[in-house]
Each structure stands twice: as C-alpha cells, then as structure tokens.
Amino acid sequence: LHYPLRRQRQMCIRDRLMTINSANAFTACQVTDVGGVDDKSFNQTAWKGVQDAVAKHGIDSKLLESKSETDYEPHLNSMVNAGCDVIIAVGFLMGEATKNAAEANKDSKFTIIDFAYDPTVPNILGQVFATDQAAFLAGYVSAGVSKTGIVGTFGGINIPPVTGFMDGFAWGVKHYNKVKGKNVQVLGWDPDAKEGLFTNNFDSTCLLYTSPSPRDS
C-alpha cells in the first residue's frame, strides 16, 4: 500500500532536482586570439580550466578559435547570441573587441585574460598577473648560472604582457649584479629604452642565458 506513495514521492523529488539542475545550467564560452587553443600559453591553459570545470561541475562549454583579429568581435557576439553565461576572451589583443562587445551587451558577462580596463567595465572581469615577478627570478638565476657573463631574452610581440616578462628578467639580472658584485650583461632588451628583440609572432617569450661557444654550453 505504501509503495505507490513512495514511488510518487521519489518521482516528485527527481522532477524537482531536474528543475533545479536546469535552472542552474551554466555554459562557459571561450574565444581565442589568433594564437589558437593549442598555443601552449594563455589560450590553452584557459581552455583547460574550462574543460576541468566541465569534468568537475558538469557545465557546458563552447569554443571559437580566431584566425585573424577581425574575428574577435564577431566571435564574441556569436557567444552572446548563444546565451553563454560567461564569455572568456584570451589575450591583450582582444581588449578593444571585448570592450565593444560588452558595452553592446550589458546583460552578458565577460572575462578577459591578460588585460584590464581603467576605468573598469562593469560586465568585464579583467585578469592580469604579476609576470614580471616570476621573470625577475628567472633573470636572477640565469645571471647566477651563466658561464659567460652574458644572458639574453627575446619576445614574441612588443606589447605590455610580453615586455613585462622582459622587464622582470632584466631587473633580476640587475639585482644579481648588485648583490653579488658582478657585471652580467643582458642582451635582447633594454627596460629603460623599451627596445629589444622580437619574433613578431605568438611564439612564447623566451628567457635564456646565452653561451657563445660550445665549450661554454
């Protein structure tokens, strides 16, 4: 006699849970810059974060890869039209397009990796990192292990997220010289003049100590 009532109660609970899950459904959508999702940098790690959230929390995800800078704003607007709960833009070069999309769609939520706005935009969370601090340590260590007294750095593109690494690297070498009474030289970047060597593409910024002859390597 009690089974039908218990079964009915179980179905009621199931239906309520399905309603709750549907109400709490969440879709995270990412738009890459021209580096692509396999860039071994911000695009790839951001997408890994999305996929980790898919695996752990059961959210949905969408991805659009940009082939050129003219793709940025259309891709972002496409994600708005898809009803994404958060739209993740990746890269300094997407700053203007993300702002345009956010200001045109004030009810949508955006976040951008490697860029921040001043003044802030209410529906964009800018995510920037103190990359110069990690590079400072790399510069200090490189100066310490160099056998030639010469170390070097070169960047991908001459933009602040890249030159921030290079600044920190040069400052780390400078601090090493001050602490150790050395005169290790930095090639490839002058943090005062803001001039240096760049590949002009999205290869990762390289921090290295140089060896001019095989016996020194």
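Rules and cut-offs
- Residues numbered from 1 in each chain as written.
- Predicted model: local features only at pLDDT ≥ 70, side-chain atom pairs only at ≥ 80, totals over all residues.
- Heavy atoms only, no water.
- Helix = DSSP H or I, 4+ residues; strand = E, 2+ residues; numbered from the N terminus.
- Buried < 20%, exposed > 50% of the residue type's maximum accessible area, 1.4 Å probe, protein only.
- Contact = heavy atoms within 4.5 Å.
- Areas by Shrake-Rupley, 256 points an atom, 1.4 Å probe, with all protein chains shown as cover.
- Phe/Tyr/Trp six-rings, centres within 6.5 Å; stacked < 30°, edge-to-face > 60°.
- Axes fitted to C-alpha atoms, helices over the stretch in contact; angles between N-to-C directions.
- Left-handed = near helix turned anticlockwise from the far one by under 90°.
- Nonpolar A, V, L, I, M, F, W, Y, C, P; charged D, E, K, R; others polar.
- Pairing = 2+ DSSP bridges.

A. Inspection of the overall build of the protein at higher detail. The number of helices and strands found in the protein is six helices and 10 strands. A buried classification covers 36% of the 217 residues belonging to the protein. Residue pairs at least 24 apart in sequence account for 60% of intrachain contacts in the protein once pairs closer than 6 positions are excluded. Of the roughly 13400 Å² of accessible surface on the protein, 54% is carried by carbon and sulfur atoms.

B. Representation of the packing of aromatic side chains in the model. What the rule picks out here adds up to five aromatic pairs. Both rings, one in F115 and one in Y117, keep their centres 4.8 Å apart while their planes meet at 65°; by these two values the pair is edge-to-face. Of the two residues, F115 and Y117, neither departs from the other in class, the shared state being buried. An angle of 85° between the planes, with centres 5.9 Å apart, marks the rings of W189 and F198 as edge-to-face. One aromatic cluster is present, formed by F92, F115 and Y117 through successive ring pairs.

C. Inspection of the packing of helix α3 (residues 72-81) against helix α4 (residues 95-104) at higher detail. As a packed pair, α3 and α4 sit with axes 9 Å apart at the nearest point and diverge in direction by 35°. Crossing of α3 over α4 shows right-handed handedness. On α4, the residues that touch Y72, E73, L76 and N77 of α3 are A97, T98, N100 and A101. Classifying every residue of the contact of α3 with α4 gives four nonpolar, three polar and one charged.

D. Here's a closer look at the sheet that holds strand β4 (residues 110-113). Ordered by their spatial adjacency, five strands build an open sheet running β2-β1-β3-β4-β5, and the pairing between neighbours is parallel. Looking at the sheet topology across the chains shown, the edges are occupied by β2 (60-64) and β5 (124-127). Averaged over neighbouring strand pairs, the angle between their axes works out to 20° when direction is ignored. Pairing analysis gives four bridges linking strand β1 (residues 27-31) to strand β3 (residues 86-90), with the strands arranged parallel. If you follow C29 over to β3, its bridge partner there is I87. Contacting β3, β4 and β5, α4 runs over the sheet at an angle of about 175° to β4.

E. Spotlight on the environment of G196. If you trace the backbone, G196 turns up in strand β9 (residues 195-196). On the accessibility criterion, G196 (37% relative accessible area) is partly exposed. Put simply, G196 and F154 are 42 residues apart on the chain and 7.0 Å apart in space, counted from C-alpha to C-alpha. Leaving out residues up to four positions away in the same chain, G196 has contacts with G188 and W189.

F. Broad picture of unusual backbone geometry. Residues D118 and P119 are joined by a peptide bond in cis, for which omega reads 5°. Positionally, P119 belongs in the loop between β4 and β5. The residue D114 is not glycine, and still its phi comes out positive at about 75°. Summarising the element assignment, D114 is placed in the loop between β4 and β5.

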